[in-house]
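Breakdown of the fold
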Amino acid sequence: MTTGWNFHELYLWHETGNAAQFFQPSLTIEPGEHAENAATKRRFRNLMEVSGLTEKLSKIASVAVSEDDLALFHDRDYVSRIKALSDGRGGDASYLTPFGHGSYEIACLAAGGTAAVMDAVLSGDVGNGYALVRPPGHHAERAQGMGFCLFGNVPVAILKNRAKHGFERVATVDWDVHHGNGTQSAFYGDSSVLTISIHQDGLYPHDSGFHKERGEGRGEGYNINVPLPAGCGHGAYMSVFERIVLPALYRYQPDLIVVPSGFDASAADPLGRMMLHSGSYREMTRMLMQVADDLCGGRLMMSHEGGYSAAYVPYCGLAVMEQLSGIRTDIDDPFLPVFEGYAGQPLQPHQADAIDRAEELLGGIE
Ligand SMILES: [Zn+2]
């Protein structure tokens, strides 16, 4: 079975405008580039090309989702507002989420690329897959964009594919350094989607991502947040996987595993304060592939989220793609020896305490 790969040039044309990191320029803030710009995605795509790996994957075309597809998750008035602004000169989906002319169509392609890879995995056309989409999606809520995200790519893709394939259980494992609040909100009352988010405690959004958010009604127990203290490295994330993510997945027995995949927990990221390296992403991918093999015929797909180091995102991404495809390229990560050598990479006692507290949440899954 091959690995699916989705990319579309228009993803890079989504315009986030003139900014200093994420603030609008003013007379006291010098103009610059928005943190969520095309470079990290373009360079990931380019390193894939240079490595020769892209041509060995199954290309999966982006088919834009419809307004009805978006309405599976989103409020129709919100969708109409974004479309109207996008038809004009663009606007802001809410705090920190500027976009330009045409971003509505591009966001529909991004959700569509995610849905298409998921469909290909569920149909058995590919064994697993990755959608390198933009804009990202995991912060977008039902009636508002947030944190650089316009529409919930993963929720829309799950709901669209559930209507088509009728699967019973999906698990999402969000390893972006920020809390996957949008994905959590989409399935908060729904036990048919187990949502897990591993993130830096209190980073963004400041007011969500806590242990106490466990789901509600029929969804109670099926949302697991693992907030970690800043400074976690490879050892802490391996412990989270071994003690929380893998046991949760074996308890839940999903038909499909979906990863909202951000590379902003890397040691080089300007927005996150974690220390992962490409070897960490490779190993987390390996573990999820093992669970997927054990539980659901290997069905695993990822949709790109954050990651703001133009230099390093490509190497984290390549490691994931090498692992998913089982094809090792000739390209070595030049940063790996540096980041592996950082003090504090092994699990630290205060990090283990935070993981202990999250482990108590496993009992809610049946
Ligand atoms: Zn992020």
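The present account deals with the structure reproduced in this document. (Residues numbered from 1 in each chain as written. Predicted model: local features only at pLDDT ≥ 70, side-chain atom pairs only at ≥ 80, totals over all residues. Heavy atoms only, no water.)

The next thing to look at is the sheet that holds strand β10 (residues 300-304). Spatially, the 8 strands line up as an open sheet ordered β2-β1-β5-β10-β9-β6-β7-β8, and their pairing is parallel. Both outer strands of the open sheet, β2 (58-59) and β8 (223-228), are each paired with one neighbouring strand and no more. One ladder, built from 2 bridges, connects strand β1 (residues 3-6) with β2; its direction is parallel. Each residue of the ladder has a partner; that of tryptophan 5, found in β2, is lysine 59. Contacts from helix α7 (residues 234-252) reach β6 (170-174), β7 (193-200), β8 and β9 (256-261) within the one sheet, and its direction differs from that of β7 by about 175°. (Pairing = 2+ DSSP bridges. Helix = DSSP H or I, 4+ residues; strand = E, 2+ residues; numbered from the N terminus. Contact = heavy atoms within 4.5 Å. Axes fitted to C-alpha atoms, helices over the stretch in contact; angles between N-to-C directions.)

Attention now moves to the coordination of the zinc ion. Each protein donor to the zinc ion is listed here as Asp176 (OD), Asp176 (OD), His178 (ND1) and Asp264 (OD); together their distances run 2.0 to 2.7 Å. Each donor residue of the zinc ion lies on the same chain, and together they follow the pattern D-x1-H-x85-D. Like histidine 178, aspartate 176 is buried. (Donors = N, O, S within 2.8 Å, 3.2 Å for Na, K, Ca; no water. Buried < 20%, exposed > 50% of the residue type's maximum accessible area, 1.4 Å probe, protein only.)

For helix α5 (residues 153-165), built from 13 residues, the straight-helix expectation of 18 Å at 1.5 Å per residue is met to within 8% by its first-to-last C-alpha distance of 18 Å. Taken together, the buried positions of α5 are occupied by Asn153, Val154, Pro155, Val156, Ala157, Ile158, Leu159 and Asn161. (Expected span 1.5 Å × (residues − 1).)

This model, assessed by the stated rule, comprises 14 salt bridges. In this structure, the salt-bridge partner of arginine 214 is glutamate 220, at a minimum N-O distance of 3.6 Å. Judged by relative accessible area, which is 27%, arginine 214 ranks as partly exposed. Within the structure, one salt-bridge network assembled from shared partners comprises Glu36, Lys41 and Arg134. (Salt bridge = Lys/Arg side-chain N within 4 Å of Asp/Glu carboxyl O.)

Here we come to the side chain of serine 51. Checked against the element boundaries, serine 51 lands in helix α1 (residues 39-51). A relative accessible area of 14% places serine 51 in the buried class. For serine 51, the side chain forms a polar contact with the main-chain nitrogen of leucine 53, separated by 3.1 Å. The contacts of serine 51, once residues within four sequence positions are left out, are Leu318, Thr329 and Ile331. (Polar contact = N/O pair within 3.5 Å; in protein donor to acceptor, adjacent residues only side chain to side chain.)

Counting 108 residues, the largest nonpolar core has Tyr130, Trp175, Ile224 and Phe241 as its most contacted members. Counting residues per element, this core draws most heavily on helix α4 (residues 103-123), at 14 residues. Sequence-distant contacts of phenylalanine 241, that is, excluding residues within four places in its chain, are made with Val173, Trp175, Ile198, Leu246, Pro247, Met284, Met287 and Leu288. In this structure, Ala35, Met146, Phe148 and Leu271 belong to the second largest nonpolar core, which totals 7 residues. (Core = buried A, V, L, I, M, F, W, Y, C linked by side-chain atoms within 4.5 Å.)

For the rest of this paragraph, the subject is the packing of α7 against helix α11 (residues 349-359). In contact at an axis separation of 10 Å, α7 and α11 are set at 20° when each is read in the N-to-C sense. Relative to α11, α7 is oriented roughly parallel. Read as a crossing pair, α7 and α11 show a hand that is right-handed. On α11, the residues touching Ala236, Ser239, Val240, Arg243 and Ile244 of α7 are Gln351, Ala352, Ile355, Asp356, Ala358 and Glu359. Looking at the contact of α7 with α11 residue by residue, the classes come out as 6 nonpolar, 2 polar and 3 charged. (Parallel < 35°, antiparallel > 145°, perpendicular 65-115°, else oblique. Left-handed = near helix turned anticlockwise from the far one by under 90°. Nonpolar A, V, L, I, M, F, W, Y, C, P; charged D, E, K, R; others polar.)

Here we take up the packing of aromatic side chains. Evaluation of the coordinates by the stated rule reveals 18 aromatic pairs. Residues phenylalanine 263 and tyrosine 281 carry aromatic rings whose centres are separated by 4.8 Å and whose planes lie at 85° to one another, so their mutual orientation is edge-to-face. A residue pair is termed long-range when its members are at least 10 positions apart, and phenylalanine 263 in the loop between β9 and α8 (278-296) and tyrosine 281 in helix α8 qualify at 18 residues. Residue class for phenylalanine 263 comes out buried when judged on its relative accessible area of 1%. Taken together, Trp5, Phe44, Tyr130, Trp175, Phe263 and Tyr281 form an aromatic cluster joined through their ring pairs. (Phe/Tyr/Trp six-rings, centres within 6.5 Å; stacked < 30°, edge-to-face > 60°.)

Time to look at the pairing of β10. Burial analysis of β10 places 5 of its 5 residues in the buried class, the great majority of the element. Where β9 lies against β10, 5 bridges are found, and the strand directions are parallel. In the strand pairing of β10, valine 259 is matched with methionine 302. As for the winding sense of the linkage, the β-α-β connection from β9 through α8 to β10 is right-handed. (Right-handed = clockwise from strand over helix to strand, strands pointing away.)

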